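The lines below spell out each chain.
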Amino acid sequence: MKKIISLILTASVFLMLAGCTQEARPDYEYLSAQLSEINEKYGFEYFDMFIYEDACQVYLSLEAEDDVLLSFHTDENGSISDITATAYGKTTSDDRKKAAYMDFVQNLIGVFCNLSNEDRNGVNENLSYDSIDKYFTDLYETYTCGRYNFIFSSNSEFIYTYCRYFEAMENPTGPVNDTE
């Protein structure tokens, strides 16, 4: 009888540990709190947000008033499923402002994705969001790593960084880089 009970307890522990390994995604409160710890300009409140086309959106003022638009969708539990940071060329014209956007995006991806150092290096190597000299040029890059799909897009008027979480692994064999 003791062996059966110990087997049941052991199996229960393994099942609980398996449940703990599921990747947790942040809600807006956690995202804002973590970002504001990095830089107070990155934080936002519920009343700062507005809903447009089923997306929560908030303007952030990094170097100029409302120079970055942060957009995200949430699931039924309030967890963020995808996130976008967009900057407009007229408000992000000089290198200081471009660097502020780059720092924000790097921190945003860090908080949203919680990637390992190796995966973060893969994202940095395959997307140009960390190269301000490529901002506002014609560019479209995608990269998939684990449960996350990334897009960095740039044209003469906007720069756009997007990250989406997938419930199931899209590419279980490893990262993919689809750069045009």
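Residues numbered from 1 in each chain as written. Predicted model: local features only at pLDDT ≥ 70, side-chain atom pairs only at ≥ 80, totals over all residues. Heavy atoms only, no water.

Draft legend 1. Structural context of the packing of aromatic side chains. Evaluation of the coordinates by the stated rule reveals 13 aromatic pairs. Their ring planes at 90° and their centres at 6.5 Å tell us that Y135 and F136 sit as a pair that is edge-to-face. You'll find Y135 and F136 in the same group, each marked buried. Through a chain of ring-to-ring contacts, three or more aromatic side chains come together here, namely Y101, Y135, F136 and F152. (Phe/Tyr/Trp six-rings, centres within 6.5 Å; stacked < 30°, edge-to-face > 60°. Buried < 20%, exposed > 50% of the residue type's maximum accessible area, 1.4 Å probe, protein only.)

Draft legend 2. Structural context of a nonpolar patch on the surface. Where nonpolar side chains cluster on the molecular surface, the patch consists of F50, Y52 and Y59 and spans about 320 Å² of accessible area. With respect to the helices and strands, F50 occurs in strand β1 (residues 50–52). Judged by relative accessible area, which is 34%, F50 ranks as partly exposed. (Patch = residues over 30% accessible without salt bridge, like charges linked within 9 Å, V, L, I, M, F, W, Y side chains within 5 Å. Areas by Shrake-Rupley, 256 points an atom, 1.4 Å probe, with all protein chains shown as cover. Salt bridge = Lys/Arg side-chain N within 4 Å of Asp/Glu carboxyl O. Helix = DSSP H or I, 4+ residues; strand = E, 2+ residues; numbered from the N terminus.)

Draft legend 3. Region of the structure containing the environment of S79. Take S79: it is sitting in the loop between β3 (68–74) and β4 (80–88). A relative accessible area of 16% places S79 in the buried class. Along the chain, S79 and Y30 lie 49 residues apart, while their C-alpha atoms are 9.7 Å from each other. In contact with S79, other than residues within four places in its own chain, are R25, P26, D27, H73 and T74. (Contact = heavy atoms within 4.5 Å.)

Draft legend 4. Highlighting the pairing of β3. The buried fraction of β3 is high, at five of seven residues. Pairing geometry for strand β2 (residues 55–60) and β3, over five bridges, is antiparallel. What sits directly across from V58, in β3, is L70. As judged from the seven bridges shared by β3 and β4, these two strands associate in the antiparallel manner. Looking at the pairing, T74 lines up with I80 of β4. Between the end of β3 and the start of β4, which pair antiparallel, lie five residues, with G78 showing a positive phi angle near 90°. (Pairing = 2+ DSSP bridges.)

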